[in-house]
Amino acid sequence: MSYLSISHITKQFGDTVVVDDFNLDVEKGEFVSFLGPSGCGKTTTLRMVAGFEIPTAGRITLDGADITEKAPNQRNVGMIFQSYALFPNMTVAQNIGFGLGVRKEPKEMISQRVEEMISLINLEKHANKYPYQLSGGQQQRVSLARALAIHPQVLLLDEPLSALDAKIRVSLRAEIRAIQKKLGITAIFVTHDQEEALSISDRIVVMNAGLMEQVGTPFEIYNFPQTQFVANFVGSLNTANAEVSDPVKGLVNVNGVQFITASDIKSRKKGDAIRVSVRPERFSFVSEEKKDNVLDCVIENITFLGSVVRIQVRIGEAKFNMDTFNNPFLDLPKIGSKEQVTCSKEAVLVLDE
Ligand SMILES: Nc1ncnc2c1ncn2[C@@H]1O[C@H](COP(=O)(O)OP(=O)(O)OP(=O)(O)O)[C@@H](O)[C@H]1O
Ligand SMILES: [Mg+2]
């Protein structure tokens, strides 16, 4: 049996089902992210693990014990919220020791643990400051230390970085991941930021409207999306309307231009309307290498994005973005010129809607 097991969890508020038959097994020490758009049920699912909501149906077990209906303070779970939620009238050290005080731990043990936590998050100089004297990033590190101080079996993080600016977000997420690995603690991290989820997680659960769309490693989720929703939500994607021309050979017609796909379309019929998707980085110019699809195109636009140059091409009537790595010697075509681009048949995805 896995360490944390969430099985067939459903949550209904009145008539509305906001989490629908959610199933997930998390191993000890694993870092799992819930990724999905606003309102898809991420926080609600996390709150059921924390004990702030009781599921309408389903069970949650932690290290073999059924915790489905236990109160938050009766399960050993640490939670970090989007808003820092520190006690404003307590110092950093008092905030970190708070949970241990509630548990009536001996004073000596509390001060030792607080010291440990303060050094873990490198806030030695700030131990006696109040939250208002700290930056947002520092406050969120105190929240992390406070949640970890009680030796939780699971650490739950609900968009802990979303109120911070981009640079701090990236450095703090690396710090959270490093601390989580060092302590070997099991963690669930909620975010609607795909880059964050891809960079930090062992596995990602992609959620949409209360349902789990796909569970997998970042590599699997990005490279082998199983649904149109996952492909669209994670990474950038070109999508065009198409028609099946030969289901056995995998030929599809995109506005008069033939593509070959490695996706299984054998169950579809000739003439069926479908959509094809291609990630921008899967296209390249034929001059580099010829792949399964060789496509005539017109260069429509070129956008310089820093490390990446995004080239918009028109293939027949459909427009696609193509991403290529920047380098100072890049020989970019002229806008309006006719070129040929290429991509493998594996790059051409036909996904379930
Ligand atoms: N106590 C409640 N009563 C009624 N509806 C609720 C309650 N809590 C959440 N909901 C609804 O459940 C749905 C899921 O909410 P939830 O907070 O889990 O979404 P989320 O994925 O965390 O979104 P966000 O990214 O915006 O935080 C929403 O439609 C929300 O309005
Ligand atoms: Mg939320």
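Calculation notes
- Residues numbered from 1 in each chain as written.
- Chains lettered and ligands numbered in written order.
- Predicted model: local features only at pLDDT ≥ 70, side-chain atom pairs only at ≥ 80, totals over all residues.
- Helix = DSSP H or I, 4+ residues; strand = E, 2+ residues; numbered from the N terminus.
- Buried ≥ 20, exposed ≤ 12 C-beta atoms within 10 Å, placed from the backbone.
- Pairing = 2+ DSSP bridges.
- Axes fitted to C-alpha atoms, helices over the stretch in contact; angles between N-to-C directions.
- Parallel < 35°, antiparallel > 145°, perpendicular 65-115°, else oblique.
- Left-handed = near helix turned anticlockwise from the far one by under 90°.
- Contact = placed C-beta atoms within 7 Å.
- Nonpolar A, V, L, I, M, F, W, Y, C, P; charged D, E, K, R; others polar.

What to know about the environment of Q139
Move 1: By the element assignment, Q139 lies in helix 4 (residues 136-149).
Move 2: For Q139, a count of 21 C-beta atoms within 10 Å corresponds to the buried category.
Move 3: Sequence separation of Q139 and A178 is 39 residues, and the distance between their C-alpha atoms is 18 Å.

Structural notes on the sheet that holds strand 12 (residues 251-254)
Move 1: Taking strand neighbours across the sheet as the criterion, the four strands line up as 13-12-11-14 in an open arrangement whose pairing is antiparallel. Among the strands making up the open sheet, the edge pair consists of strand 13 (257-260) and strand 14 (273-278). Averaged over all pairs of adjacent strands, the angle between their axes in this sheet comes to 45°, without regard to strand direction.
Move 2: As paired elements, strand 12 and strand 13 share four bridges and run antiparallel to each other.

Let's talk about the packing of helix 2 (residues 92-102) against helix 3 (residues 107-120)
Move 1: It is the contact of helix 2 with helix 3, at a shortest axis distance of 9 Å, that shows an interaxial angle of 130°. Classified by the interaxial angle, the pair formed by helix 2 and helix 3 is oblique. Seen from above, helix 2 lies across helix 3 with right-handed handedness. Of helix 3, the residues touching helix 2 (which contributes A93, I96, G97, L100 and G101) are I110, R113, V114, M117 and I118.
Move 2: In terms of residue class, the contact of helix 2 with helix 3 is built from seven nonpolar, two polar and one charged.

Observations concerning the environment of N321
Move 1: Position of N321 among the secondary structure elements: in strand 18 (residues 318-325).
Move 2: Note: C-alpha distance between N321 and S5 (316 residues apart in sequence) is 41 Å.

Observations concerning unusual backbone geometry
Move 1: Non-glycine residue H151 carries a positive phi angle of around 55°.
Move 2: On the secondary structure map, H151 appears in the loop between helix 4 and strand 7 (154-158).
Move 3: Despite not being glycine, N255 has its phi angle at roughly 50°, a positive value.
Move 4: Its location among the elements puts N255 in the loop between strand 12 and strand 13.
Move 5: Owing to 12 C-beta atoms within 10 Å, N255 belongs among the exposed residues under this scheme.

That's the geometry; what it means functionally is another story.
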